[in-house]
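Structural description and commentary
Residue-level listing of the chains:
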Amino acid sequence: MNIEEKQLKWDTTWLLFARMMADRHSKCASKSVACVIVKDEKPISIGITEHPVSM
């Protein structure tokens, strides 16, 4: 496996992980969104949408 194929595999893995997190854990019914920030093939931050906070 060359470097480009390996990178594509990791990119795909983390995109699928973000999608799974959004589908399973997002608390906003209208927009299920999650993001994963990855460095050196390891997640360093994960964000998931929640209900807006009313003031």
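Residues numbered from 1 in each chain as written. Predicted model: local features only at pLDDT ≥ 70, side-chain atom pairs only at ≥ 80, totals over all residues. Heavy atoms only, no water.

1. Some details on the pattern of salt bridges
One pass over the structure, following the stated rule, counts one salt bridge. Glu41 is the partner of Lys6 in a salt bridge, and the nearest nitrogen-oxygen pair spans 3.7 Å. In this pair, Lys6 sits in helix α1 (residues 3-25) while Glu41 sits in the loop between β1 (34-39) and β2 (42-48), placing the two residues 35 residues apart along the sequence. (Salt bridge = Lys/Arg side-chain N within 4 Å of Asp/Glu carboxyl O. Helix = DSSP H or I, 4+ residues; strand = E, 2+ residues; numbered from the N terminus.)

2. Points about the pairing of β1
Note that β1 and β2 share six bridges and pair antiparallel. Within the sheet, the bridge partner assigned to Val36 lies in β2 and is Ile46. The hairpin formed by β1 and β2 contains two residues between the paired strands, and Asp40 there has a positive phi angle of roughly 55°. (Pairing = 2+ DSSP bridges.)

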